[in-house]
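Listed below, chain by chain, are the residues.
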Amino acid sequence: MSMHSSKDEPFAYRTATAEIKPRSATSPNFFWSKNETVLLTDKEQEIGRYAWQYFTRTVFPETGLPQGAVGSDTLTMDNVAGYLAALTCAKKIGVLEDIEFHERMTKLVTWLNQMQLNSLGVPNTFYSGRTGQSLNGVNQPGEDGHSALDIGRLLIWMRIVRNEFPTHAAAIDRAVLRWNFRKLIDADGLIYGSYYRDGRLHPYREGRFGELQYAAKGFALWGFRVDASMNSDNTSLITINNILLPFDNRYSHISPIPRPQGEPFQPGAITTTAALLDGMEFDWKIPSHNAATEDWKIDPKSLQLARSIYVVQKSRYESKGLLTARAAHNLDRPPYFVIDSIFALGDPFVTMDKSGNPRPKQACVSSGASFQLWAMFEGKYTDMLMDAVEPLFDQYGGWYAGFYEDGGAANKAISLNDNAVILESMAFVLNGPLFKPNLHPGYWELTLEAKSFDALGLPPAKYQQQFQPMLDTRKAEPRP
């Protein structure tokens with residue numbers, strides 16, 4: 001794990017230069033030793049076991065797919081990525097036996113090879129965990145567009161599993177070879193989602209600072225050029241408690257380009273999750289296909305964003321006495337899902353629903369975000385976060401989403417993503433950054449050498465520059 005300093009980096013300002021000080025498992029040596037046995041403490045092992053119990057409780061044996069949240073059969077590609085991460089990390093920390101790991105992984109990868117793609121030839125937005133079918137926006141069989149952000153995270157975890165477990169590598173490669181990348185990414189490396197309206201799917205440019213760069217790294221791992229997505233020129237700095245926080249300056253509510261009716265709302269909210277996943281998985285480096293990780297370049301703005309996210313949330317506790325660990329999460333009461341932001345739509349510490357309506361009474365301290373901050377920033381503040389969320393697990397399996405800032409009652413929603421990120425946090429503490437390179441060519445590389453996939457935009461090195469997809473590739477401001 002690199003110890004990143006802020007010297008000579010963009011946004012290297014005095015008030016948010018906290019060193020990244022990740023926790024490490026017990027070892028005679030500092031951080032993650034390759035020569036010594038490292039172990040989680042009994043307490044940390046128990047944390048991982050509680051998180052894994054979510055997946056023993058919610059997986060449908062007939063499909064091998066989990067619920068996206070307790071009581072909800074609906075899955076997104078972000079959820080599927082979270083299940084891949086949970087399987088991998090549970091195995092790493094020793095709460096999942098090898099035989100069960102491979103049985104579960106085989107079922108999941110088999111489904112990925114058989115899953116219904118939408119009419120654009122890419123993974124649909126929603127699926128049923130119970131039946132495996134694609135769903136429309138009202139949970140009926142059908143299609144509802146796609147999220148390139150979710151698919152980007154899925155590509156990250158498909159690559160991690162493919163690199164580490166040869167038994168599943170060829171099947172994962174075959175699953176990705178089914179997708180039509182002409183509908184996902186353009187010649188400059190901008191990624192596109194789609195939404196359903198008037199009987200068909202409409203493309204839109206997807207992603208804001210933080211989430212966009214993280215998702216684009218998933219495409220980069222499979223050989224795509226993502227320069228335009230990694231370009232974070234559309235950022236500004238805002239001062240919160242005398243600390244500068246970078247954010248995406250394309251306000252969706254004042255954009256000069258109107259948002260067509262039905263197109264998804266993109267608030268550009270800054271939360272804990274993506275920036276710290278970037279650190280736990282990539283050490284804030286920019287992937288380069290078939291290059292050793294030591295040759296990858298640091299992504300300085302994503303690194304600075306992570307630092308600022310930590311310092312700003314800590315400063316809120318220091319100034320107002322409010323423990324703060326913010327993320328998008330499920331609720332156990334209406335509206336059942338909110339985005340707890342550090343900054344969004346021009347204001348700090350906004351809590352809003354998916355449509356951008358303020359929901360301040362639903363603000364929570366997120367369990368998942370607390371574990372991420374605890375894993376990445378060792379110190380008294382993150383110890384307090386851990387002490388506060390430590391009792392918040394369900395006896396039947398899984399960690400609660402957190403507790404409400406107003407009154408401190410537990411938010412007893414239990415979701416796949418929270419428990420997956422907790423398992424990631426424990427595996428990171430044990431092993432350091434979770435992406436492990438594998439430079440040996442596999443089924444993906446050998447197939448692309450031998451066969452033309454130009455209709456699907458593959459192989460990227462040859463065809464990405466020739467993309468003439470149905471997408472609007474004008475380089476105007478991305479639509480909100």
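Here, every reference points to the structure presented above.
Residues numbered from 1 in each chain as written. Predicted model: local features only at pLDDT ≥ 70, side-chain atom pairs only at ≥ 80, totals over all residues. Heavy atoms only, no water.

Asks: I keep staring at the environment of Gln116 and nothing clicks. Help me out?
Replies: Summarising the element assignment, Gln116 is placed in the loop between helix H3 (98-114) and strand E2 (126-128). The sequence separation of Gln116 and Gly142 amounts to 26 residues, and the corresponding C-alpha distance is 9.7 Å. Setting aside residues up to four positions removed in sequence, Gln116 forms contacts with Tyr127, Gly132, Gln133 and Ser134. (Helix = DSSP H or I, 4+ residues; strand = E, 2+ residues; numbered from the N terminus. Contact = heavy atoms within 4.5 Å.)

Asks: Sorry, what's going on with helix H12 (residues 416-431) here?
Replies: Along an α-helix, residues three or four positions apart point the same way, because every turn accommodates 3.6 residues. Helix length check: H12, at 16 residues, gives a terminal C-alpha distance of 22 Å against a target of 22 Å (1.5 Å per residue), a fit within 8%. Of all 16 residues that make up H12, 14 are buried, and the element is covered over most of its length. In the stretch just after H12, Gly432 is the one whose phi turns positive, near 80°. (Expected span 1.5 Å × (residues − 1). Buried < 20%, exposed > 50% of the residue type's maximum accessible area, 1.4 Å probe, protein only.)

Asks: Explain the sheet that holds strand E1 (residues 74-75) here, please?
Replies: Picture the strands of a sheet paired through backbone hydrogen bonds; they go either parallel or antiparallel. Sheet architecture is open: three strands sit in the order E1-E2-E3, paired in antiparallel fashion. The open sheet has two edge strands with one neighbour each: E1 and strand E3 (134-135). Inspection of the sheet shows E1 paired to E2 by two bridges, in the antiparallel sense. Bridge pairing links Leu75 to Tyr127 in E2. (Pairing = 2+ DSSP bridges.)

Asks: I'm lost on the nonpolar core in this one. Help?
Replies: Note on soluble globular proteins: their nonpolar side chains tend to be buried together. Counting residues in hydrophobic clusters, the biggest one holds 127 residues, and the most contacted among them are Trp52, Met158 and Phe219. Top contributing element to this core by residue count: helix H2 (residues 77-93), with 11 residues. Once residues lying within four places of it in the same chain are set aside, the contact partners of Phe219 are Ala148, Ile151, Gly152, Leu155, Phe181, Leu184, Ile185, Ile191, Phe224 and Val226. The next biggest cluster of nonpolar side chains, apart from the first, holds five residues, and it includes Ile339, Ala344, Val350 and Met352. (Core = buried A, V, L, I, M, F, W, Y, C linked by side-chain atoms within 4.5 Å.)

Asks: Got a minute to help me understand the environment of Leu184 in this structure?
Replies: Along the chain, Leu184 turns up in the loop between helix H5 (166-177) and strand E4 (192-197). Taking the C-alpha atoms as reference points, Leu184 and Tyr204, separated by 20 residues in sequence, lie 10.0 Å from one another. The residues touching Leu184, leaving out its near neighbours within four places in the chain, are Val122, His146, Ile151, Trp179, Leu190, Ile191, Tyr192 and Phe219.

Asks: Which parts of the structure should I look at to understand the pattern of salt bridges?
Replies: A side chain of one charge can pair with a side chain of the opposite charge if their charged atoms are brought near each other. Scanning the model with the defined rule gives 22 salt bridges in all. The salt bridge involving Glu46 is made with Arg49; its shortest N-O contact spans 2.7 Å. Of the two residues, Glu46 and Arg49 both sit in helix H1 (residues 42-58), three residues apart, roughly one turn of that helix. Among the salt bridges present, the one from Glu100 reaches Arg104, with a minimum N-O distance of 2.8 Å. Within this pair, Glu100 and its partner Arg104 are both found in helix H3, separated by four residues, close to a single helical turn. Owing to a relative accessible area of 29%, Glu100 belongs among the partly exposed residues under this scheme. Take Arg104: its relative accessible area is 14%, and that puts it in the buried class. Here the salt bridges share partners, and the residues they tie into one network are Asp78, Arg153, Glu281 and Glu424. (Salt bridge = Lys/Arg side-chain N within 4 Å of Asp/Glu carboxyl O.)

Taken by themselves, the reported measurements are silent on function.
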